[in-house]
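# Summary of the model geometry
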Amino acid sequence: MAAFGAGKRDDYVTPPSGLVIHHDGFFDVDRFHEELRGWFFKKRYDYIEKEVQIKNKPQGREYVFGMNGEREVDEFFKFHVQFKVFSIRTQKLKEGGYSGWVKLNIKAWIELDWTKRWQKNSWTRFLYYVYVNFIIKDRIIRTYESKLYLEMLEAIGIAKSCMREVYH
Amino acid sequence: MGYKHPITPPLPSGVRLRWQGVIDFGELYRFMKWWLQDNGYCDDDGFTEDSKCMETKYVERRFQGGTKNIEIDWKTYRDVGHFRHNIGVTILILGMRDEETELRGVKRKLDRGDFDIRMDANVETEFNEAFEKHWFSKFYYRFFMKGRLSMHKRNAYINFYRFHNAIKDYIQNQRY
């Protein structure tokens, strides 16, 4: 966990640029989309499908998905999980599913003080700094970060289950 | 202004990667941007941490006969503590024209030309104004930060050559 200054409210459990998974082979786009959306609902995230792009090219389809989920834990904490999927050279296989080159970018972070109650003036910002960095720091690391991290791993597991090598 | 500690020869010579032939330049451009994005050098929209666009130059000159020359400059960085890892990229393409080629059994419109990519990397210290203003910051740099400089130079070097090798691999193995 990074030390929080007065203005910083995002606590990343992944690197800020996200975790990256590359895969060249079988990738079931439809199942991935369906299962991940179901996972967001099951975990009570507010699900937003930020963008969907599908381009038809001679070498195969190109998919871009942006899937965001956010969950209010309480009045102070909010969990965010973001998936970005880029897939190129995607071709449908006869036995079902698709093959192509896929890049997944996964970010997960905790938004602190999402209601912005502690950001109104310099005194409350100072209190926020003390509260986050000294009073509840341990709780953030042990409880919230680990919880979000495990949830994110579960979502990554779903994504990986939709990938395998292509058998000819 | 901060001090730059070079790890490669600085631009305009830099580290050179030249490819004469056919390539899908649009895909290469996107691949390079993705790499920088995934490694924290820019955000989704190609902006650096202080909200500056990393693309400082994009010039496209079109000529008769459908050929064109393209010049692109990227300057980007990522801050690691009190150190800034800079990467600069210059792309110069001469005589680029569309060409229909068969790749993996599929007819595609690719770009033929002379692709010249030059890159450089350095580690910048004392890039904040605070370092120039306050005596304590200078003291801190001289006695504490300097010891960590070699480690940062090593990390920046590894990262730079990962980027370089990724581009080389992408072009040679036609991953587009």
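My aim in this report is to walk through the structure given alongside it, one point at a time. (Residues numbered from 1 in each chain as written. Chains lettered and ligands numbered in written order. Predicted model: local features only at pLDDT ≥ 70, side-chain atom pairs only at ≥ 80, totals over all residues. Heavy atoms only, no water.)

### A short note on the overall build of chain A
Check the secondary structure of chain A and you find three helices and seven strands. Element order for chain A, N to C, with α for helix and β for strand: β-β-α-β-β-β-β-α-α-β. Along the three orthogonal principal directions, the C-alpha set of chain A runs to about 65 × 25 × 25 Å. Each of the 168 residues in chain A was classed as buried or not, and the buried ones make up 49%. Contacts in chain A between residues far apart in sequence, at least 24 positions, make up 69% of those at least 6 positions apart. (Helix = DSSP H or I, 4+ residues; strand = E, 2+ residues; numbered from the N terminus. Buried < 20%, exposed > 50% of the residue type's maximum accessible area, 1.4 Å probe, protein only. Contact = heavy atoms within 4.5 Å.)

### A word on the overall build of chain B
When you go through chain B residue by residue, the secondary structure sums to three helices and six strands. The linear arrangement of helices and strands in chain B, starting from the amino end, is β-β-α-β-β-β-β-α-α. With the principal axes as the frame, chain B shows a C-alpha extent of 65 × 30 × 30 Å. Here chain B holds 176 residues, and 46% of them are scored as buried. Across chain B, contacts joining residues at least 24 apart in sequence account for 67% of those joining residues at least 6 apart. When the accessible surface of chain B is split by element, carbon and sulfur atoms take 51% of a total near 9,700 Å². Across chain B, the 30 positively charged side chains and the 26 negatively charged ones have centroids separated by 5 Å. (Areas by Shrake-Rupley, 256 points an atom, 1.4 Å probe, with all protein chains shown as cover. Lys, Arg positive; Asp, Glu negative; His and termini not counted. Charge placed at Lys NZ, Arg CZ, Asp CG, Glu CD.)

### Topic: empty space enclosed by the protein
Here the structure, examined in full by the defined rule, presents one cavity of 30 Å³ or more. There is about 30 Å³ of room inside the largest cavity. If you go around the largest cavity, the residues you meet are Lys-50, Gly-66, Met-67, Asn-68, Gln-82, Phe-83 and Lys-84 of chain A together with Asp-44 of chain B. Where the lining of the largest cavity is concerned, the elements lending two or more residues are strand E4 (60-72) and strand E5 (77-92) of chain A. Among the residues forming the lining of the largest cavity, the class breakdown is two nonpolar, three polar and three charged. (1 Å grid on protein atoms, 1.4 Å probe; cavity = no way out; pocket = protein on both sides within 12 Å on 5 of 7 lines; lining within 4 Å. Points joined across faces, edges and corners; volume = space filled by probe spheres on them. Nonpolar A, V, L, I, M, F, W, Y, C, P; charged D, E, K, R; others polar.)

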